[in-house]
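Per-entry structural report
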Amino acid sequence: MKFKLNIPNLLSLYRILIFPVVIYFIYTGNENAFAILISVNFITDFLDGFIARKFNMRTEAGAKLDSIADIGTYILAFYGLFQFRMDFAREHMTGLITFISLYIISFLVTMIKFGKICGLHLYSFKLTGYLQAIFLISLFYYGNIEWFYFLMLITGCWANIEEIIVFLLLKEPKT
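Here goes a summary of the coordinates provided.

Scoring rules and cut-offs
Counting from 1, residues in each chain are numbered in the order their sequence is written. Residue-level local features of this predicted model are given only where pLDDT is at least 70; pairs of side-chain atoms are given and counted only at 80 or more, and the full residue set underlies all totals for whole chains, interfaces and linings. Note that water and hydrogens are dropped before the side-chain values are worked out from all heavy atoms of the structure. Secondary structure counts use DSSP, requiring at least four H or I residues in a row for a helix and at least two E residues in a row for a strand, with both numbered from the N terminus. For every residue, the accessible area obtained with a 1.4 Å probe (protein chains only) is divided by the maximum for its type, and the residue is called buried under 20%, exposed over 50%, and partly exposed between those limits. In what follows, a contact means two residues having at least one pair of non-hydrogen atoms within 4.5 Å. To obtain an axis, a line is fitted to C-alpha atoms, over the contacting stretch when the element is a helix, and the angle between two such axes runs from 0 to 180 degrees between their N-to-C directions. Put simply, angles under 35 degrees are roughly parallel, angles over 145 are roughly antiparallel, angles from 65 to 115 are roughly perpendicular, and the rest are oblique. Helix crossings are classified by the rotation of the near helix relative to the far one: an anticlockwise turn of less than a right angle makes the crossing left-handed, while a clockwise turn makes it right-handed. The classification used treats Ala, Val, Leu, Ile, Met, Phe, Trp, Tyr, Cys and Pro as nonpolar, Asp, Glu, Lys and Arg as charged, and all other residues, Gly among them, as polar.

**Comments concerning the side chain of Ser124**
- With respect to the helices, strands and loops of the structure, Ser124 is situated in helix H7 (residues 123-141).
- The class for Ser124 is buried, based on a relative accessible area of 5%.
- If sequence neighbours within four positions are ignored, Ser124 has contacts with Trp158, Ala159 and Glu162.

Set out below in structure tokens:
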């Protein structure tokens, strides 16, 4: 697999390289820096996919890079959520654990079935990503919007279940 240096891949690479910086800001309790950088991560995630599709810059290496960056962004978002909004996390622990569990199960299914992690980039997961980004940005800047949290949670669980079903039905791994 050949890595092509293009704008979408650079945006995904940015999200991977910024990971330790965001971890540092979470660890040191700098909520403002965290909120700004996680917002930038969400925006660059949207842009890398949009630019790749719009200008036909999709590559297999780019899809894998994007998947790695997505996993990193999820880790950052949940770590920041539990660090800075622990009251919210405690109140919504059942839903958060359900989503995280389904997310992990989808990875386990691909590891068991194909011996590696595969990223499908389903439309349901694109929608989930947008809803989660909007929710988390609004949570850190404006506070919790309860109905939107449940919309995001239900959509995220549905996307994970859909991905698990697709992986179970696939005969060979796909990106």
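**Section: the packing of helix H2 (residues 19-27) against helix H3 (residues 31-54)**
- The contact between H2 and H3 brings their axes to 8 Å, and the two run at 150°. Taken together, the axes of H2 and H3 are roughly antiparallel relative to one another. Here the hand of the crossing between H2 and H3 comes out left-handed. Residues Val21, Val22, Phe25 and Ile26 of H2 touch H3, and the partners they reach there are Ala33, Phe34 and Leu37.
- In terms of residue class, the contact of H2 with H3 is built from seven nonpolar, no polar and no charged.

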